[in-house]
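Here is how the chains run, residue by residue.
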Amino acid sequence: MSELFNKEEFLKGLIRRLHEAPDKLENIREDFVRVVRELTPVEIAQVEQKLVEEGMPPESIQLMCNIHLDVFKEALDEDSLDVGSWHPLHILIEEHRDILNRTKELRDLTGKIISGNYDGEDIRRLQSSIQYLDSLEAYFSKEENVLFPYLERHGLVQPPAIMWKEHDEVRNLRKKMKIEYENLKNGDPNKVNELAITISELFTNHIYKEHKILFPSALKLLSNNEWESIRVEFDEIGYFSFEPMPFVSSEEVSKNNGVEGLVNLGSGFLKVDQLLLMLNTLPFDITFVDENDTVRYFSERKERIFARTRAIIGRKVQNCHPQKSAHVVTRILEDFKNGVRDIAEFWLNLGPKIVHIRYFALRDRSGKYAGTLEVTQEISSIKALEGEKRIYDPLD
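Residues numbered from 1 in each chain as written. Predicted model: local features only at pLDDT ≥ 70, side-chain atom pairs only at ≥ 80, totals over all residues. Heavy atoms only, no water.

**Things to note about the sheet that holds strand β6 (residues 353–363)**
Backbone hydrogen bonds are what pair the strands of a sheet, in a parallel or an antiparallel way. Selection criterion: One bridge is not enough; two strands pair if DSSP finds at least two bridges between them. Each helix corresponds to a stretch of at least 4 residues labelled H or I by DSSP, and each strand to a stretch of at least 2 residues labelled E; elements are numbered beginning at the N terminus. Axes here mean lines fitted to C-alpha atoms, for a helix over just the part in contact, with angles spanning 0 to 180 degrees between N-to-C directions.
The strand order β4-β3-β7-β6-β5 describes an open sheet built from 5 strands, whose pairing is antiparallel. On the outer flanks of this sheet lie β4 (295–298) and β5 (343–350), each paired with one strand and no other. Each adjacent strand pair in this sheet contributes to an overall mean axis angle of 15°, direction not counted. As judged from the 8 bridges shared by β5 and β6, these two strands associate in the antiparallel manner. In the strand pairing of β6, E345 is matched with R358.

Next comes the structure, spelled out in structure tokens:
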């Protein structure tokens, strides 16, 4: 108890410093991460609940939780595994990102409710967030019924067993959350908030252990053929938030590689490497988003205007933009799907650069919406053109 008390006092001091000078985050981040990792999710929830009861502003508690999550997300980005976008671990990592975001939203909403600063829309979103927890069974099932058995065949038994136990803890907390939500009008909203914090912290620690221990071990143990088999079984179970790129096994590729491995483009045939060279040499960046708003491809020329990583493949395009502009992307896609328009364009100044961004609706022969093509081009040199140039100058 004395050890927990000391950590509680240490957390109190950190939170007070954050509350008084939130711009000093970098000065306390290391201490904060260290103490939080030494506490279990239940202990963290108990500490936070006690601080609220003692009069600590809920906003300060929320700031601490957000920092914990932000620090962890940064660690995930820095330690990302080097696997293809088809790979089962890439899929699980993207599902982890969604889980972290949605459990944070759950915690934020319950924090608003205990503060009394909420409306009917917040209640609706809270109900949706609680229902989201049910959809996690697809994630649990892929690990418990596919990945874990493969690892056990290679003698890795205990880490999967621990992860499965934590899945069951979430299931139990989910049941309690539903009960407390149903009793929210007559019950104690602090209980809903405490459960939301516990679920969020449990997932943060759970995902941290999978990324740091389980996944690297799995990469060392399993062969590429096993990963391909796992992916096929993942597809059979299904996905709750992240739609991965379509998968064709290496065996199927060798069977259906076409004439001498050429890609039939209608007006000609190209080798895959020729096609990639052509796309990556275009003087502009292109991104393809399918009919379900999922990013499927982007060109990778050397000088990109906006940075992109392959981690965006399979993500909803709205999640690839800042929250303040996501609604604009959604509106464009809705207009494309409804046939209101076929092109949307913007231009902006980025220092000396003038960036022209265009979105084109893609439609099949019947006119059915098939996706969106984004084209981004730096046009300052084009705008500066004057007169004519008709002679080739080899010194250009």
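**Here we look at the packing of helix α8 (residues 158–182) against helix α9 (residues 189–221)**
Our working rule: For this classification, under 35 degrees means roughly parallel, over 145 means roughly antiparallel, 65 to 115 means roughly perpendicular, and everything else is oblique. Here a crossing is called left-handed whenever its near helix is offset anticlockwise from the far helix by less than a right angle, and right-handed whenever the offset is clockwise. A contact between two residues is defined here by any heavy atoms of the two lying within 4.5 Å. The classification used treats Ala, Val, Leu, Ile, Met, Phe, Trp, Tyr, Cys and Pro as nonpolar, Asp, Glu, Lys and Arg as charged, and all other residues, Gly among them, as polar.
One way to put it is that α8 packs onto α9 with a least axis distance of 10 Å and a crossing angle of 165°. Taken together, α8 and α9 sit at an angle that is classed as roughly antiparallel. Crossing geometry of α8 relative to α9 is assigned as left-handed. Taking contact as the criterion, the partners of P159, P160, M163, E166, H167, E169, V170, L173, K176, M177, E180 and Y181 in α8 are, on α9, K191, V192, L195, A196, T198, I199, L202, F203, H206, K209, E210 and L214. Among the residues forming the contact of α8 with α9, the class breakdown is 14 nonpolar, 3 polar and 7 charged.

**A closer look at the pattern of salt bridges**
To keep things clear, this is the line we draw: The salt bridge definition used is simple: a Lys or Arg side-chain nitrogen within 4 Å of an Asp or Glu carboxyl oxygen. The classification of residues rests on relative accessible area computed with a 1.4 Å probe and restricted to protein chains. Under 20% of the type maximum is buried, over 50% is exposed, and intermediate values are partly exposed.
Counted by the stated rule, this structure contains 25 salt bridges. One salt bridge connects K142 with E95, and the closest N-O pair in it is separated by 3.0 Å. Here K142 is found in helix α7 (residues 137–153), whereas its partner E95 is found in helix α5 (residues 88–115), with 47 residues between them in sequence. Residue classification places K142 among the buried positions, given a relative accessible area of 0%. Among the salt bridges present, the one from R304 reaches D285, with a minimum N-O distance of 3.9 Å. Note that R304 is positioned in the loop between β4 and α13 (323–337) and D285 in strand β3 (residues 285–290), a separation of 19 residues in sequence.

**As for the nonpolar core**
The line we're drawing: Residues grouped as a nonpolar core are buried Ala, Val, Leu, Ile, Met, Phe, Trp, Tyr and Cys residues, joined through side-chain atoms within 4.5 Å.
By size, the foremost hydrophobic cluster in this structure holds 48 residues, and its most contacted members are L147 and F203. Mapped onto this core, the elements with two or more residues apiece are α5, α6 (120–135), α7, α8, α9 and α10 (224–237). Sort the elements by how many residues they give to this core and α9 lands first, with 10 residues. Grouped together as the second largest cluster of nonpolar side chains are 17 residues, I313, I332, A344 and A361 included.

**Section: the packing of α6 against α8**
Two elements in contact, α6 and α8, have axes separated by 10 Å at closest approach and are oriented at 155°. Comparing the axis directions of α6 and α8 gives the class roughly antiparallel. Crossing handedness for the pair α6 and α8: left-handed. Here α6 contributes I123, L126, Q127, I130, L133 and D134 to the contact with α8, which in turn contributes R174, M177, K178 and Y181.

**Observations concerning empty space enclosed by the protein**
To keep it simple, the criterion reads: Lining residues are those with an atom within 4 Å of a point, where the points come from a 1 Å grid over the protein atoms alone and group into cavities, where a 1.4 Å probe fits but cannot get out, or pockets, open sets with protein on both sides within 12 Å along at least five of seven lines. Grid points are joined across faces, edges and corners, and a volume is the space filled by probe spheres set on the points. An automatic or database domain assignment supplies the start and end points of every domain.
Counting across every chain of the model gives 4 cavities of 30 Å³ or more. By volume, the largest cavity is sized at about 110 Å³. Taken together, E94, R97, D98, N101, S241, F242, G314, R315, K316 and N319 form the lining of the largest cavity. Among the residues making up the lining of the largest cavity, the classes are represented as 1 nonpolar, 4 polar and 5 charged. Taken domain by domain, the makeup of the lining of the largest cavity includes at least three residues from each of domain 1 (7–237) and domain 2 (282–384). Taken as a whole, the second largest cavity encloses approximately 70 Å³ of empty space. Along the walls of the second largest cavity sit V289, V317, H321, V329, I332, L333, Y359, T372 and E374, which together make up its complete lining. Taken together, the elements giving at least two residues each to the lining of the second largest cavity come down to α13 and β7 (369–378). The element contributing the most residues to the lining of the second largest cavity is α13, with 3 residues. Considered class by class, the residues forming the lining of the second largest cavity number 6 nonpolar, 2 polar and 1 charged.

**Quick notes on α8**
In an α-helix, one full turn covers 3.6 residues, which means residues spaced three or four apart are oriented alike. The criterion, for reference: Helices are assigned an expected span. That span is 1.5 Å times one less than the residue count.
Taking 1.5 Å per residue as the helical rise, α8 with its 25 residues ought to reach 36 Å, and the 37 Å between its terminal C-alpha atoms agrees with that figure. Among all positions in α8, only P160, M163, E166, H167, V170, R171, L173, R174, M177, E180 and Y181 are buried. Buried residues belonging to α8 abut α5, α6, α7 and α9.

**Let's talk about the side chain of D122**
The topology assignment puts D122 in helix α6. According to the relative accessible area criterion, D122 is buried, its value standing at 5%. In contact with D122, not counting residues within four places along its chain, are L109, K112 and N117.

**Regarding α13**
The end-to-end C-alpha separation of α13 is 22 Å, in line with the 21 Å expected for 15 residues at 1.5 Å each. The set of residues buried in α13 consists of A326, V329, I332, L333, D335 and F336. Looking at the buried residues of α13, the elements they touch are β5, β6 and β7. Two residues or fewer past α13, G339 is found with a positive phi of approximately 75°.

**Details of the packing of aromatic side chains**
Stated precisely, the cut-off is as follows: Each pair of aromatic rings taken from Phe, Tyr and Trp, with Trp reduced to its six-membered ring, is defined by centres within 6.5 Å and is described as stacked if the planes are under 30 degrees apart, edge-to-face if over 60, and tilted in the remaining cases.
Inspection of every chain in the model, using the stated rule, returns 6 aromatic pairs. Here the aromatic rings of Y132 and F240 are separated by 5.9 Å at their centres, their planes lie at 65°, and the arrangement is edge-to-face. Here Y132, found in helix α6, pairs with F240, found in the loop between α10 and α11 (250–255); they are 108 residues apart in sequence, far enough to count as distant. What makes Y132 buried here is its relative accessible area of 8%. Note on F240: relative accessible area 18%, which makes it buried.

That's the geometry; what it means functionally is another story.
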